[in-house]
Amino acid sequence: MKNIKNIAIILAGGKGERLGLGKPKQFLKFAGKMCLEHVIDIFYYHKKIDLIIIVINAKWQEIPKNIIKSYKDKKIVLVEGGDTRNYSTYNALEYLSKNIDSIESKDDINLIIHDAARPLVSKQIIDNCLEALQTHKAIDTAIPAIDTIIEAKNNIIDSIPKRDNLYYGQTPQCFKYKILKDAYKKAKKDNPKIDTFSDDCGLLLMYSPNVPIFIVSGESINHKLTKLEDIPLIDRFFQLRTTSIQSYDYRLLSGKVIVVFGGTSGIGEEIINIANKYNAKTYALSRRTNCDISKLKNIESALKNIAKIEGKIDIVINMSGILYKNHLINTPQFIINELINVNYKGALNIAKASYRYLHKSKGMLMFASSSSYSRGREEYSIYSSLKAAIVNLTQALSDEWRDVAVNCIVPERTLTPMRIKNFGKENPNTLLSAKYVASKCLDLALSNQTGIILCVSKNIINENANTHGGGG
Ligand code: CTP
Ligand code: MG
């Protein structure tokens, strides 16, 4: 192996016993991808990582073997996992000692060791680690402790250490190759099973106490999947993280056939306007064009006509929705039915009718939810619970459809005719513009991602003031 400087070691040799899913937790899916896939992606697409080692039990190697088939631009190797976390690291070091010993500067090689169970590690953390490795030989990633940490034996408190000195340890943990190898050599000699430490920094501290371990700032979002309650937390972190989706060059829309249900007003209309500007072939459908999405036949015939004219359909976006604010018991039954028919049944109909076209084009289906979906509140019982169903539907379909991307946009309060009808005049500075939300929909449409629940909020606009220019 030549020109290797930075090696990522992904520890995926665990069984996930505390989670108890009957399979290792690194295979659990978030935002359309397995936990392990997210971790592979972040290292694969990081330009400075030269080699990726995945440590995983022989019994489970088929899954990563299939995942990495399409990763052709970087070398990824599978190494057998050990009985303990430290033994898994040891096996990776053994692999390296057999395969990189011929390189002169091997002592200088950087190892970036990361838990497969932390799918939200950011490029920023990896950058920080690599930078710190220029001046330090060992690095831990950690965040300051928030809770008071108590030391106790047999349920009796021994001490309450000062919180200012306490951190929660995360990964990556990074080392110069030789530093870690020497420590493991001593550990193995002392304790052949290497089963007394929970992580690599702990082992280094024990066997090479003279090597200072520098702390790099982690992120609370870099959370480890450990117990059942971590699943909804990590799901939500994925939703929050993707709010900063990058802007794309909208010239990429040229020639794409885009169908927007609810495309004759509000956000849908703005999507059509932007896409037209960049020479997409757009179709705006709504009741005004005699397409009632609560009727499957209406959608089928509309899509059939479009496919006949264009020969394909690349992107289907559903922006149609109705809002009727009231207490459930005061809402007439015909309105309840209409809300369900348009906001939920309509989405199911669009999904069913579009699949055959999107399957052919390897395209994308996009739904719209509302920020009210995550918290039910007074007068929104029907609307927001239906919007919660849309998020759930997106996650389910992105899992069911391997060849069609399915995503969902979740805008906060947006200035649209629907909003004005329900809320009257509001301070426009507190609302998102339909045009901005439309630009985020198109960024998502060009992103090639699936299973994304993209929250768009006013705060995010301010944070990303310089990044959303692209055509929006
Ligand atoms: N790990 C490993 N080899 C082991 C044990 C753990 O590579 N023998 C990895 C896990 O796959 C995980 C990381 O180390 O990515 C952190 O370990 P942990 O959270 O303890 O994961 P599991 O051991 O899989 O979970 P559990 O302890 O609940 O069984
Ligand atoms: Mg474990």
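Rules and cut-offs
Residues numbered from 1 in each chain as written. Chains lettered and ligands numbered in written order. Predicted model: local features only at pLDDT ≥ 70, side-chain atom pairs only at ≥ 80, totals over all residues. Heavy atoms only, no water. Helix = DSSP H or I, 4+ residues; strand = E, 2+ residues; numbered from the N terminus. Expected span 1.5 Å × (residues − 1). Contact = heavy atoms within 4.5 Å. Patch = residues over 30% accessible without salt bridge, like charges linked within 9 Å, V, L, I, M, F, W, Y side chains within 5 Å. Areas by Shrake-Rupley, 256 points an atom, 1.4 Å probe, with all protein chains shown as cover. Salt bridge = Lys/Arg side-chain N within 4 Å of Asp/Glu carboxyl O. Lys, Arg positive; Asp, Glu negative; His and termini not counted. Charge placed at Lys NZ, Arg CZ, Asp CG, Glu CD. Buried < 20%, exposed > 50% of the residue type's maximum accessible area, 1.4 Å probe, protein only. Pairing = 2+ DSSP bridges. Axes fitted to C-alpha atoms, helices over the stretch in contact; angles between N-to-C directions. Near = heavy atom within 4 Å. Polar contact = N/O pair within 3.5 Å; in protein donor to acceptor, adjacent residues only side chain to side chain. Nonpolar A, V, L, I, M, F, W, Y, C, P; charged D, E, K, R; others polar. Parallel < 35°, antiparallel > 145°, perpendicular 65-115°, else oblique. Left-handed = near helix turned anticlockwise from the far one by under 90°.

Draft legend 1. Molecular detail of helix α11 (residues 381-400). Between its first and last C-alpha atoms α11 spans 28 Å; for 20 residues at 1.5 Å apiece the expected length is 28 Å, and the two agree. Summarising the contacts, the buried residues of α11 are in contact with α7 (230-241), α10 (333-361), β15 (364-368), β16 (405-411), α12 (417-423) and β19 (453-456).

Draft legend 2. Structural detail: a positive patch on the surface. A cluster of basic residues, K304, K308, R356 and K360, forms a positive patch on the protein surface. Counting only elements with at least two residues in the positive patch, the list comes to α9 (296-310) and α10. Note that R356 resides in helix α10. Taking relative accessible area as the criterion, R356 reaches 57% and is therefore assigned exposed.

Draft legend 3. Quick look at the sheet that holds β19. Across the sheet, which stays open at both edges, the six strands sit in the order β13-β12-β14-β15-β16-β19 with parallel pairing between neighbours. Of all the strands in the sheet, the pair left with one neighbour each is β13 (281-285) and β19. In this sheet, neighbouring strand axes are inclined to one another by 15° on average, regardless of whether the strands run parallel or antiparallel. In the sheet, β15 pairs with β16 via five bridges, with the strands oriented parallel. Bridge pairing in β16 places M366 opposite N407.

Draft legend 4. Structural context of the site of ligand 1. L11, G13, E17, S88 and K224 are the nearest of the 19 residues found near ligand 1. One of the backbone nitrogen or oxygen atoms of K15 is found 3.1 Å away from an oxygen atom of ligand 1. Contact between ligand 1 and D83: a nitrogen atom at 3.5 Å from a main-chain N or O atom of the residue. Contact with the protein chains removes 88% of the 560 Å² of surface that ligand 1 exposes when unbound. For the shell around ligand 1, the residue count by class is four nonpolar, seven polar and eight charged.

Draft legend 5. Main features of the sheet that holds strand β7 (residues 138-144). An order of β5-β4-β1-β6-β10-β7-β11 is seen for the seven strands of this open sheet, with the pairing classed as mixed. Each edge of the sheet is formed by a strand with only one pairing partner; in this case those strands are β5 (75-80) and β11 (213-217). The average undirected angle you get between the axes of adjacent strands in this sheet is 25°. As judged from the six bridges shared by strand β1 (residues 6-11) and strand β6 (residues 110-115), these two strands associate in the parallel manner. Its bridge partner being in β6, A8 is matched across the sheet by I112. Here helix α4 (residues 123-132) sits on the sheet and contacts β1, β6, β7, β10 (167-176) and β11; the angle it forms with β11, its principal contact strand, is near 150°. The strands touched by helix α6 (residues 200-207) are β1, β6, β7, β10 and β11; relative to β10, the strand with the most contacts, the crossing angle is about 70°.

Draft legend 6. Representation of the side chain of N343 within the structure. Residue position: N343 is located in helix α10. For N343, a relative accessible area of 3% gives the class buried. Of the polar contacts made by the side chain of N343, one reaches the backbone oxygen of I322; its length is 2.8 Å. Beyond its immediate sequence surroundings of up to four residues, N343 is in contact with G321, I322, E338, Y383, L386 and I390.

Draft legend 7. Geometry of the packing of α9 against α10. Running from N to C, α9 and α10 point in directions that differ by 30°, and their axes come no closer than 9 Å. Considering their axes alone, α9 and α10 lie roughly parallel with respect to each other. Between α9 and α10 lies a crossing of right-handed hand. Taken together, the residues of α10 that come into contact with α9 (itself represented by L296, I299, E300, L303, K304 and A307) are G346, N349, I350, K352, A353, S354 and Y357.

Draft legend 8. Focus on helix α13 (residues 434-446). Across its 13 residues, α13 extends 19 Å between first and last C-alpha, which sits within 8% of the 18 Å expected from 1.5 Å per residue. With 12 of 13 residues buried, α13 lies mostly within the body of the structure. Listed in full, the buried residues belonging to α13 are A434, Y436, V437, A438, S439, K440, C441, L442, D443, L444, A445 and L446. In the stretch just after α13, N448 is the one whose phi turns positive, near 70°.

Everything listed is a geometric property; what it means functionally is a separate question.
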